[in-house]
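# Summary of the model geometry
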Amino acid sequence: MKKLMITVALLGAMFQAGAQDAKTSAIPLKYGAQYTGKRTDDAMNKWRSNRFGQFIHWGLYAIPGGIWKGKTYNYAAEFLKSSAHIPDATWDSLMYQFNPVKFDAKEWAKMAKRMGVKYMTITTKHHEGFCLWPSRYTDFNVSNTPYKKDILKQLIEAYNAEGIDVNFYYSVLDWHHPDWRDDIKTPEDSVAFSRYLSFAYNQLKELATNYPTVKAFWFDGTWDSSVRFNGKWTYEVEKMLKEVRPGVIVNSRLRADDYGKRHKDSNGQLMGDYESGYERRLPNPVTDIAVTKWDWEACMTIPENQWGYHKDWTISHVKSPLELLEMLVHSTSMGGNFLLNFGPSGEGTFRKQELDIASYIGNWMGKYGNVIWDCDYAGMQKEDWGYYTRKKGASQLNMVVFNVPVSGLLKVNTPKGMVLDKAAFMDAAGKPLSVEEIAANQYLVHLPIKLYTSPQVIIVDYHEGSSKGSYQKAKT
Ligand code: FHN
């Protein structure tokens, strides 16, 4: 019934909008996008310049690690409670086993620093409802485990000490809380869910207040109709967070507008400070190029779909360091951030594949991180050999080459007015590569013919001007 009423209201609003002056054909919204375009304040500029982040999914689900009573469940390990149909009380009792004796926040932060990430997003509370901080609003938190200590406090101190920003993931979906509802079917549902929304609001205010260096909130678990049709609550949460923590950044998964639209409101405007719908996928460099108009972030698992720790990674493809590095470069080349997920074990350790990936990417970032950090979409079409990035305001173009053609010739199609002057490998600046203009706004960069076993970075100097040669257009 509610959805029918909303549909009628939306149709009415659209009709009304149609009757309005063509220039303001927007549907009137109380809880739609608060602004259009990109934020340009210091906090958002820093978030954008970070480019590379570490996602960490850690909770009680790390203890069973996808296996229950000897049976392996192939679905995402953080969903084991539902995959294995585990009763609430049984699952909640895992709290009394949570004692990550090998957890060392400083070691985690040092690994992250070496990997080249500039921010880390930690699951403060995932769908299971267990809190990694001593929340005063629920006993289902780390202070009531054998471990006792505040995980968030240790992580924030350790990562901030390494110069890495910390953001909070928060799942609105909460399987543990008795007042959670995925849909409002009865007046009792409505009363209970209102209590739940107050609980979640208070927890979020607690997080924003007690951890003052938090830089962003990463909302999840907001897809159910109970949240979607509570646009007012989502609006009030974002408003509160930005009052408690001025400059704080909120992803697009929180807000819902007056009609239950998420990410983009009923007028197609992005809600939240960046688009966070790219999950285990990246925008297409051609068909999704519009994404460069706003800030966005892609989050990525190392296996096909494991966010929390799963004991058995043989059940799906495990992405190689090179695959993940290319995703990072791809994201930067389209003006987005790349958030790579790690799922520590119940003891607080990372598996060998995660450590190897961190080490490989870290070695590359140690040499070439300046073509990622503080870099953006270069405004040029994607080439077959790889990706362009460009530091804001610089008159240099970065070419990150993953696929060297057998010819050794890298074609560069420049926008009108860009003239290439010289090019050289980033780590061989003194040995220029040959740059040949072959047509209007078309060049070839000549590479030595040899086997390349890692992504090559070429820095190109250019100036504003027009092509030297005069090229006859074909008469067809
Ligand atoms: O269900 C969650 C999942 O466990 C994980 O947290 C991802 C991360 O983006 N979000 C949801 C699935 O879309």
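Numbers given for residues are sequential positions, taken from 1 along each chain in its written order. The model is predicted, so local features are restricted to residues of pLDDT at least 70 and side-chain atom pairs to those at 80 or more, both for listing and for counting; the totals for chains, interfaces and linings are taken over all residues. Heavy atoms throughout the structure, all of them, feed into the side-chain values; hydrogens and water do not.

## A closer look at the overall build of the protein chain
Basically, it comes down to this: Segments assigned H or I by DSSP are reported as helices when at least four residues long, segments assigned E as strands when at least two residues long, and all are numbered from the N terminus. Both definitions apply: the radius of gyration is a C-alpha atom measure, and the globule rule equals 2.2 Å times residues to the power 0.38. Burial classes: relative accessible area under 20% of the type maximum marks a residue as buried, over 50% as exposed, and values in between as partly exposed (1.4 Å probe, protein chains only). Every residue pair with non-hydrogen atoms within 4.5 Å of one another is taken to be in contact. The method behind every accessible area is Shrake-Rupley, applied with a 1.4 Å probe, and residues are considered shielded solely by the protein chains displayed. Positive charge is attributed to Lys and Arg, negative charge to Asp and Glu, and no charge count is given to His or to the chain ends. Taken as the charge centre is NZ of Lys, CZ of Arg, CG of Asp or CD of Glu, depending on the residue.
A tally of helices and strands in the protein chain yields 11 helices and 18 strands. By the compact-globule yardstick of 23 Å for 476 residues, the protein chain fits well, its C-alpha radius of gyration being 25 Å. In terms of overall dimensions, the protein chain has C-alpha extents of about 75 × 65 × 40 Å along its principal axes. Looking at the protein chain as a whole, 53% of its 476 residues are labelled buried. Considering only residue pairs separated by 6 or more positions, the protein chain has 71% of its internal contacts joining residues 24 or more positions apart. For the protein chain, the computed accessible surface area is about 21,100 Å², with 53% contributed by carbon and sulfur atoms. For the protein chain, the centre of its 58 positive side-chain charges and the centre of its 52 negative side-chain charges are spaced 2 Å apart.

## Here's the deal with the site of the ligand
This is how the line gets drawn: Think of it this way: one heavy atom of a residue within 4 Å of a molecule or strand is enough to make that residue near it. Each polar contact in these results corresponds to two N or O atoms within 3.5 Å; when the atoms are within protein, one needs to be able to donate a hydrogen and the other to accept it, and residues that are neighboring in sequence are counted only if both atoms are side-chain atoms. By the convention adopted, Pro, Cys, Tyr, Trp, Phe, Met, Ile, Leu, Val and Ala count as nonpolar, Lys, Arg, Asp and Glu as charged, and the other residues, Gly among them, as polar.
In the vicinity of the ligand lie 13 residues, with H57, E78, H127, D220 and E279 positioned nearest. D220 has a polar side-chain atom sitting 2.6 Å from a nitrogen atom of the ligand. Protein burial of the ligand: of its 330 Å² of free accessible surface, 89% is covered by the chains. For the shell around the ligand, the per-class residue count stands at six nonpolar, three polar and four charged.

## Section: the sheet that holds strand 13 (residues 396-401)
The test is simple: Note: two strands are recorded as paired if DSSP finds a minimum of 2 bridges between them.
Spatially, 11-12-13-18-15 is the arrangement adopted by the five strands of the open sheet, whose pairing is antiparallel. Of all the strands in the sheet, the pair left with one neighbour each is strand 11 (375-376) and strand 15 (418-425). One ladder, built from two bridges, connects strand 11 with strand 12 (residues 386-391); its direction is antiparallel. Its bridge partner lying in strand 12, D376 is registered against R390.

## Some remarks on the packing of aromatic side chains
Here is the rule we go by: Classification of ring pairs uses Phe, Tyr and Trp, with its six-membered ring standing for Trp, and accepts pairs whose centres are within 6.5 Å; under 30 degrees between planes counts as stacked, over 60 as edge-to-face, and the remaining range as tilted.
One pass over the full model with this rule turns up 32 aromatic pairs. Geometrically, the ring pair formed by W180 and F193 is edge-to-face, given 5.4 Å between the ring centres and 75° between the ring planes. Within this pair, whereas W180 is found in the loop between strand 5 (165-171) and helix 7 (187-210), its partner F193 is found in helix 7, the two being separated by 13 residues in sequence. Comparing W180 with F193 shows no difference in burial state: the two are buried. On the numbers, 5.8 Å between centres and 85° between planes, the contact of Y387 with F402 is edge-to-face. Highlighted residues: Y387 in strand 12 and F402 in the loop between strand 13 and strand 14 (409-413), separated in sequence by 15 residues.

## Section: the side chain of E78
What counts is decided by this rule: A side-chain nitrogen of Lys or Arg and a carboxyl oxygen of Asp or Glu constitute a salt bridge if their distance falls within 4 Å.
Along the chain, the position of E78 falls in the loop between strand 3 (71-72) and helix 3 (80-83). No salt bridge forms around the buried E78; measuring N to O, its nearest opposite-charge neighbour R280 is 7.9 Å away. In terms of polar contacts, E78 uses its side chain to reach the backbone amide nitrogen of G308, at 2.9 Å. Apart from residues lying up to four places away in sequence, E78 is in contact with Y61, H126, W175, Q306, W307 and G308.

## Quick notes on the pairing of strand 9 (residues 296-300)
Applicable threshold: Note on handedness: a clockwise path from strand one over the helix to strand two, with the strands aimed away from the viewer, defines a right-handed crossover.
Most of strand 9 sits inside the fold, with five of its five residues counted as buried. The side-chain alternation of strand 9 yields two buried faces, one formed by W296, A298 and M300 and the other by E297 and C299. In the sheet, strand 8 (residues 275-279) pairs with strand 9 via three bridges, with the strands oriented parallel. Among the inter-strand pairings, Y278 is bridged to a residue of strand 9, identified as A298. Inspection of the sheet shows strand 9 paired to strand 10 (residues 336-342) by five bridges, in the parallel sense. Looking across to strand 10, one finds that M300 is bridged to L340. Between the parallel elements strand 9 and strand 10, the chain passes through helix 10 (residues 321-333) in a crossover that is right-handed.

## Considering the domain arrangement of the protein chain
Here is the rule: All domain edges in this entry derive from an automatic or database-based domain assignment. Buried area, as used here, totals the accessible surface that two parts lose on assembly, with accessibility defined by a 1.4 Å probe and the loss added over both.
Split by domain assignment, the protein chain resolves into domain 1 (42-373) and domain 2 (378-464). Relative placement of domain 1 and domain 2: their C-alpha centres are 36 Å apart. If you look at the interface, domain 1 gives 15 residues, while domain 2 gives 15 residues. Taken together, the two surfaces of domain 1 and domain 2 that pack against each other cover about 1,400 Å², and 64% of this comes from carbon and sulfur. On the domain 1 side of the interface with domain 2, the three residues burying the most area are E326, Y368 and V371, jointly 39% of the side's total. Summed over the shared surface of domain 1 and domain 2, the number is zero salt bridges. Taken together, the connections running from domain 1 to domain 2 amount to six residue pairs in polar contact (both at pLDDT 80 or more). Among the elements of the structure, helix 10 and helix 11 (352-368) are those that each provide at least two residues to the side of domain 1 that touches domain 2. By residue number, the principal contributor to the side of domain 1 that touches domain 2 is helix 10, which donates seven residues. Grouping the constituent residues of the side of domain 1 that touches domain 2 by class yields nine nonpolar, four polar and two charged.

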